[in-house]
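Observations on chain architecture
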Amino acid sequence: MTTTAPQLSKKRRTRRGGVLGNTGLYVATGVATFLFLVPFYLLVRNALSTDAEITGEHWKFFPTNLQWSNVSDLFDDTSVDFARSMWNSLVVAVSMTVGILLVCSLAGYALARIPYKHSNKIFYLVLGTLMVPTAVTFVPSFVLVSSLGWVDTYRGLIVPGLFSGFTCFLFRQYFLGFPKELEEAARVDGLGYWGAYWKVVVPNSLNFFAAIATITFISGWNAFLWPLVIGQDPGAWTVQVALSSYMTNQTVVFHTIFMATAISILPLVFVFLFLQRWLVQGIAQTGIKG
Amino acid sequence: MSTTTTRDLASPAPAKATSAKPRRGLRGNRTFNFWLFIGPFLLGLMIFVYVPIGWSIYLSFFEARFTVTPSKFVGFDNYTYMLTNPDFVGSLGTFTVFAAFIVPTTWALSLGLALLVNRLRFMRAFFRSVFFLPTACSYVAAALIWKMSIFSGVRFGLMNTIIGWFGVDNIAWLSNPSPPWYWFVIVTARLWLQSGFYMILFLAALQNIPGELYEAAAIDGAKPGWQTFRYITLPQLRATSTAVILLLLIAAYQAFDEFFNLLSKTTWGRPPLVELYYTALGENQDYGAGSAGAVILTLLIIIVTLFQGKLMGFGRSEEAK
């Protein structure tokens, strides 16, 4: 990093002088950073305060004592089974990630690399679904899932979301660019499509799989509309539905609500910190170029 | 990796030809392999995507309250009902207002952040992460922080505390539709949540602009700063900008989470999906009208998508393959 810095900075200086000078640049960045971090500050402050401190007469910038007991208050609270909802979200997000990667990557590979006379027609079937966003079809999907008797089940939460035309399309585009030579080498080694896929294609595509996995996990964890529709019994609530229920409850206990929110974000902050590289890469690759 | 003997297992049919051209041996198996790879996906796509759409179109022509197997055919009554229902039509108006606020502001903020981050030479990765971090938060969590802490209508909400320092009275941010302060709450929440995502797209595009363009502009006497931005950077970002604006429009069309949570139980500020939720899954469980609403919304978005396809050259990249 340091070795390329002088070269880069020189280039950049000639390229962009400033509407903002350097001071202006850092002041603007500082203000934006401050504003972007305020919600996180409030979250942590409230999660570790007593209710009296949150609702007090004067603004308290930080709690006098960090109330770690708020964690046990949250999990002892019987009105909402928060631990259960965290577990449900974990099951849903992990299953969706594994399921989508498996089902959509195989389909994308078939469309990209296995010649078949009706391949184009099938591709149009997939493309057709891209025009209909899943969120808009939640009514008909609910109708189907409820007739299958899948309301309040993991199956109902997970399975309808696995067949993402968009993810399949992304995999197809990716595999179109995958070097053919690698597969041909596998053929020479005597592998069929299936063997070549698992032994050569997948191991050489881990970056792309990781990018899709990260995005899928985050959206699975954060999904709200579908879990709200399917989770009618509190036992089937995901963490987002549980958080939402706090906002409409009759009694409001601020410190447990904010502790719950903080804990619900925590897994994603970890995913974010460790997998940011793939996330950024995935967005840059799939956001437009798809 | 593998020995050559496994080839015979994988493609037994034209065994003689294999020694000359190994790939030909697979042709007999192509159909089988195609279905092996795509079968599970296609089956799921049919059951969980196409069947619901078809069923929904069917239901939209029937009176279907509290039932999904209706018997009373009503023709286009559900469509007439939805299109003359002021709540549903109003929700399209709500979407329009929302889009008019959120699309330009997110575009400008994410582009601004990308330009800032792109110029930083110090702690660049850190600042990029700060702006990107809210992408990991759920809309529900943000709605909760916005509703119960920042824009809480009572004295101890952050905004009311701050305006209180200047002697301004408390504002009921969400629980009073006039003046419509709730738009400020909703727009800032979504700005915070999604700007980082679009910033990444703009950053990637900025880094793809060839440096020679700036050098050429400098030789031609373009002043760095506004002129370069206006005549080099902005035109070079056109494709990305178009894509971002259309992605933002489609995302706004599907807005549900923050409206549902910030404005629960209120009758104002309901975008289409929230309205649909209350129609189909509210007290009436009117699946017929709900399905008709879903069909209408789907048709509207298909029109937008086709328009988008024209603009973005979506079809063109397909032909190139």
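The notes below deal with the structure included here. Predicted, not measured: the structure shown is a model, and the values here were computed from it.

1. A closer look at the overall build of chain A
- On a plain count of helices and strands, chain A comes out with 15 helices and zero strands.
- Taking 2.2 N^0.38 as the reference for a compact globule, 290 residues should give roughly 19 Å; the C-alpha atoms of chain A span a radius of gyration of 24 Å, well beyond that estimate.
- Referenced to the eigenvectors of the C-alpha coordinate spread, the extents of chain A come out at roughly 75 × 65 × 35 Å.
- For chain A, the proportion of its 290 residues judged to be buried stands at 42%.
- The long-range share in chain A, meaning contacts at least 24 apart out of those at least 6 apart in sequence, stands at 73%.

2. Digging into the interface of chain B and chain A
- Facing the 95 residues of chain B at the interface are 91 residues of chain A.
- Counting residues per element, the side of chain B that touches chain A draws most heavily on helix H2 (residues 27–59) of chain B, which supplies 21 residues.
- Partitioned by chemical class, the residues of the side of chain B that touches chain A number 61 nonpolar, 26 polar and eight charged.

3. Considerations on the environment of B:Leu59
- Relative to the helices and strands, B:Leu59 resides in helix H2.
- Judged by the 28 C-beta atoms lying within 10 Å of it, B:Leu59 is buried.
- In contact with B:Leu59, other than residues within four places in its own chain, are A:Val143, B:Ala64, B:Val68, B:Pro70, B:Tyr287, B:Gly288 and B:Ser291.

4. Quick word on the packing of helix H9 (residues 211–219) of chain B against helix H10 (residues 226–236) of chain B
All names here are of chain B.
- Between H9 and H10, the least distance of the axes is 11 Å, while the angle of their chain directions is 135°. Considering the angle they form, H9 stands oblique to H10. The handedness of the crossing between H9 and H10 comes out as right-handed. On the side of H9, the interface is formed by Leu213, Tyr214 and Ala217, while H10 contributes Thr228, Tyr231 and Ile232.
- Here the contact of H9 with H10 is composed, by residue class, of five nonpolar, one polar and no charged.

5. Some details on the environment of A:Val139
- As for its placement among the helices and strands, A:Val139 is situated in helix H7 (residues 138–147).
- Given 29 C-beta atoms within a 10 Å radius, A:Val139 is considered buried.
- Between the alpha carbons of A:Val139 and A:Phe34 there is a distance of 41 Å; along the sequence they are 105 residues apart.
- Once residues within four sequence positions are removed from consideration, A:Val139 is found in contact with B:Ser56, B:Leu276, B:Ala280, B:Tyr287, B:Gly290, B:Ser291 and B:Ala294.

6. Considerations on the packing of helix H5 (residues 82–113) of chain A against helix H12 (residues 206–222) of chain A
Residue and element names in this part refer to chain A.
- Across the interface, H5 lies against H12 with an axial gap of 8 Å and an inter-helix angle of 145°. Judged by the sense of rotation from one axis to the other, the crossing of H5 with H12 is right-handed. For the pair H5 and H12, the contacting residues are Ser89, Val92, Ala93, Met96, Thr97, Ile100 and Leu101 in the first and Phe209, Ile212, Ala213, Thr216, Phe217, Gly220 and Trp221 in the second.
- Its residues placed into classes, the contact of H5 with H12 shows 10 nonpolar, four polar and no charged.

Here is what the cut-offs are and how they apply
- Residues numbered from 1 in each chain as written.
- Chains lettered and ligands numbered in written order.
- Predicted model: local features only at pLDDT ≥ 70, side-chain atom pairs only at ≥ 80, totals over all residues.
- Helix = DSSP H or I, 4+ residues; strand = E, 2+ residues; numbered from the N terminus.
- Rg over C-alpha atoms; globule rule 2.2 N^0.38 Å.
- Buried ≥ 20, exposed ≤ 12 C-beta atoms within 10 Å, placed from the backbone.
- Contact = placed C-beta atoms within 7 Å.
- Nonpolar A, V, L, I, M, F, W, Y, C, P; charged D, E, K, R; others polar.
- Axes fitted to C-alpha atoms, helices over the stretch in contact; angles between N-to-C directions.
- Parallel < 35°, antiparallel > 145°, perpendicular 65-115°, else oblique.
- Left-handed = near helix turned anticlockwise from the far one by under 90°.

Such coordinate-based values are descriptive only and should not be taken to indicate function.
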